[in-house]
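Observations on chain architecture
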Amino acid sequence: MIFNIEVNDKTIKAKKGDTILETLRKNGITVPTLCNMETFTPTGACRICVVEVEGRDDLVTSCSHPVEEWMKIKTHSPRVIRARRTIVELLLSSHPDDCLYCIRNGCCELQQLARELGIRERRLPVVKPLRKKDPSSASVVRDPAKCILCGRCVRICKDRIGISTLDFIGKGMETTIGPSFNNKLNVSNCINCGQCIMVCPTGALHEKDNISQVMEALQNPEKYVVVQISPTVSISLAEEFGSKAGKEMSGLLISTLRKMGFNRVFKTAFAADIMINQVAEELFQRLENGANLPMFSSDCPAFIKYMEEYHHDLLQNISLCKSPQQIMGSLIKHHYARQQKIKAENIFSVSLMPCTAKKFEAQREENTHKGISDIDTVLTTREVVRLINLFGLDMQQSVPELADSPFAIRSSSGKIIGTSGGVAEAVYRTLYYKLTGKNLVNFKIAPLRVNKNIREFHSKVGNHKIGFAAVNGLENARELINQVKAGRNDLQFIEVMVCPGGCINGGGQPITKNTEIAKARVKNMYDIDEKDSIKVSYKNPAVIDLFGKYTGKEKDSFLEKLTTTYQKRDVLL
Amino acid sequence: MGQIETVLQRFQTNTRDNLLPILQEIQQETGFLSEEAIIKVSGYLKIPTSKIYAVATFYDQFRFTPRAKYRIKICSGTACHITGAENILSQLEKRLNIKAGETSKDAMVSLEISQCIGACGLAPVILVNDTFYAVVTAEKIDEIVDFVKGTSGN
Ligand code: SF4
Ligand code: FES
Ligand code: FES
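Here we look at the interface of chain A and chain B
Bring the parts together and some accessible area is lost; that lost area is often taken as the interface size. Listed as interface residues are 16 residues of chain A and, on the opposing side, 14 residues of chain B. For the pair chain A and chain B, the summed buried area comes to about 1,300 Å², and 60% of that belongs to carbon and sulfur atoms. A per-residue breakdown of the area chain A buries against chain B is headed by A:Asp167, A:Lys171 and A:Phe181, which together make up 46% of the total. Here chain A and chain B share 2 salt bridges between them. With its nearest N and O atoms 2.5 Å apart, the salt bridge here joins A:Asp167 to B:Lys51. Taken together, the elements giving at least two residues each to the side of chain A that touches chain B come down to α4 (152-161) and β7 (167-169) of chain A. Examining the composition of the side of chain A that touches chain B, we find that 3 residues originate from one element, β7(A), more than from any other.

Some points on the environment of B:Ser110
Positionally, B:Ser110 belongs in strand β2 (residues 109-114). Beyond its immediate chain neighbours, meaning those up to four positions away, B:Ser110 contacts B:Ala68, B:Tyr70, B:Arg71, B:Ile72, B:Ile98, B:Glu102 and B:Thr103.

So, the packing of aromatic side chains
All names here are of chain A. Summed over all chains, the structure comprises 18 aromatic pairs over all chains. With a centroid separation of 6.1 Å and an interplanar angle of 55 degrees, the aromatic rings of Tyr336 and Phe407 are classed as tilted. Remark: Phe407 occurs in the loop between α12 (381-390) and α13 (413-416) and Tyr336 occurs in helix α10 (residues 324-340); sequence separation between them is 71 residues. Judged by its relative accessible area of 0%, Phe407 is buried. With a centroid separation of 5.1 Å and an interplanar angle of 40 degrees, the aromatic rings of Phe468 and Phe493 are classed as tilted. Of this pair, Phe468 sits in strand β18 (residues 464-472) while Phe493 is found in strand β19 (residues 493-497), placing the two residues 25 residues apart along the sequence. On the basis of relative accessible area, Phe468 is assigned to the buried category, the value being 0%. An aromatic cluster of three or more residues is present, and its members are Tyr428, Tyr432, Phe457, Phe468 and Phe493.

Topic: α4(A)
Residues and elements named next belong to chain A. Most of α4 is tucked away, with 7 of its 10 residues classed as buried. Among all positions of α4, only Arg152, Cys153, Val154, Arg155, Ile156, Cys157 and Ile161 are buried. At the exit of α4 stands Gly162, carrying a positive phi of roughly 85 degrees.

Focus on empty space enclosed by the protein
All names here are of chain A. All told, the structure shown has 5 cavities of 30 Å³ or more when counted by the stated rule. By volume, the largest cavity is sized at about 240 Å³. Around the largest cavity, the lining is made up of 22 residues, and of these Asp299, Met353, Pro354, Lys358 and Cys503 lie nearest the centre.

Description of unusual backbone geometry
For residues besides glycine, phi is generally negative; the peptide bonds are generally trans as well. A cis amide bond, omega -5 degrees, links A:Leu293 with the succeeding residue A:Pro294. With respect to the helices, strands and loops of the structure, A:Pro294 is situated in the loop between α8 (268-289) and β12 (295-296). Between B:Ala123 and B:Pro124 the backbone carries a cis peptide bond, its omega angle lying at -10 degrees. By secondary structure assignment, the location of B:Pro124 is in the loop between β2 and β3 (126-128). Positioned with a positive phi, B:Asn97 is a non-glycine residue whose angle comes to about 60 degrees. Relative to the helices and strands, B:Asn97 is located in the loop between α6 (85-96) and β2. A relative accessible area of 67% places B:Asn97 in the exposed class.

Quick notes on the rules
- Residues numbered from 1 in each chain as written.
- Chains lettered and ligands numbered in written order.
- Predicted model: local features only at pLDDT ≥ 70, side-chain atom pairs only at ≥ 80, totals over all residues.
- Heavy atoms only, no water.
- Contact = heavy atoms within 4.5 Å.
- Buried area = accessible area lost by both parts, 1.4 Å probe.
- Salt bridge = Lys/Arg side-chain N within 4 Å of Asp/Glu carboxyl O.
- Helix = DSSP H or I, 4+ residues; strand = E, 2+ residues; numbered from the N terminus.
- Phe/Tyr/Trp six-rings, centres within 6.5 Å; stacked < 30°, edge-to-face > 60°.
- Buried < 20%, exposed > 50% of the residue type's maximum accessible area, 1.4 Å probe, protein only.
- 1 Å grid on protein atoms, 1.4 Å probe; cavity = no way out; pocket = protein on both sides within 12 Å on 5 of 7 lines; lining within 4 Å.
- Points joined across faces, edges and corners; volume = space filled by probe spheres on them.

Following this line, the structure appears as structure tokens:
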């Protein structure tokens, strides 16, 4: 039902069932919010969104009140502004004054509020509870001194990701946010996905910043610095450098990286093609002997840690194949080093990822050989943006260049792995070929592209009945896992990505509230898939060439380096 | 069977509304909520430990360190304050090597500051468990410390 209400002396249209906030937004009226999160039930905790409603003595939180027909609302009356100002002043009274040194300087919601409300001085005495930084995790740094207790991280961690690492601790002035027993993150059940960072309004949660290591390596004449670009990163930078969101910036990024001094630039998507082939082969084998099905995907390190913590009994169901990052890492330090006659320890291998958990993955023992990690440093998309700015480089002024051989070519299967459902689709294409010897006519697997909690695709290939599923978020994964444990057996492959929508929304991506951006990225990934001539991983000529180089014993040891192992983890659940 | 399991057994249904009663009973039996206890409750009720810790830290009634054998309470009401409560506190802190609000590592003694306990005429006063010490002097502090430490040595 549509009706009229009065806002700031003007009549606007409102829809029954909407909140006041939603009504205002639809009419282009901005009211600040802090604790409110789209698609979550409002809590009304922070009160920054208050408005004046005629006939009500108290100010009303617009995010949690339904709009009603009789309402006459003032969104920016002196009284409202005074209230908002006081709230921000109170927040600032227990917030450190170090914006200049803060990682969120320029993109902090608290800073923005203080600016918009014109706060020019400290009116309230400073009350600073002593809170120490927690740098223990390889991926996520917590700085509780900067926390304004909005609770957004707690909610995303519980309701969207489904791991519940963070929660409120204590009450009143003493309240803080942290893992169980206020422990350090590295001993908690945190799976490093970084989604808490994506919703934190301040610098209270941020990625571990590894730019300085990269700078050092670039300065060191002894180091041969190579970098791999994740297929997701190159389409997630565009809007940061003045292009349309979702635009493929691969060529520009490659030339920009070369200007910084990287000796070689490779594409992770090349390794993704290898992964897809290997996973399809592994699945083919498992279908033959009927063991350890369904098989779970292994490329999301956050999902892997979750399985190691909660489902030890299913570890043998995870594909043994390394993630694309780690396949590339191993190829660089072993195959490429030997080929180029460079000592592995002189190579500094950098990886650009949309993901904070990849930092953790790179440090896993399984990915280290004789004390040398395959990947030396992982930079998230956000750090890549900062690095480019640090060098003062203008991406738009660059001339697109190609990546370096032998890891320069990808199929479009290697591209779509960045979005939820993409890995399953890519693996299916290769599996189909393995089972039938034929190429799939219609390569597009629509059921794996729909926006549903659990995407499923069932088909009959040869005399095999094949079921594929793809989920993102652990709530959905848990549901499938429980079904499997209860005996469900019509699924052979399950792809799990922890981040909402997949890596495209990874915890290392530029922070934004604009949900259209992620949609643009997904669309462009599928457009690329549509246009590219090589759509299946088994036809990537560079991969075929690489595998042709190895025979006999050498081949066995080469293949072994593409696999990994998993370990049971004891952490507080 | 351990104390915690015994408590859990008393709650036949493992529904979430039993969380607070369970925590209360565990505290009653064991004196505090240990990590181990919270982990066990988490397994029983299928609630993440972080949530249980969040709930438990919200209520003042729960403690997360074992209750000391000797609990020293120093009154900080106006009368005691004027007659030297602060001095007593700092002396005790030094001699016992713990700060107000803390419990010694061996769980023998804890220090707490309390609101007026209604014995202003006898200020300054302190309580050791249920024993009442009035008009506390330097000698009395020695006496208390010796007593507490002497026993802890045994
Ligand atoms: S879904 Fe992608 S970005 Fe998110 S944790 Fe997994 S691998 Fe990283
Ligand atoms: S945004 Fe409405 S109360 Fe916080
Ligand atoms: S505001 Fe503190 S972590 Fe989100």
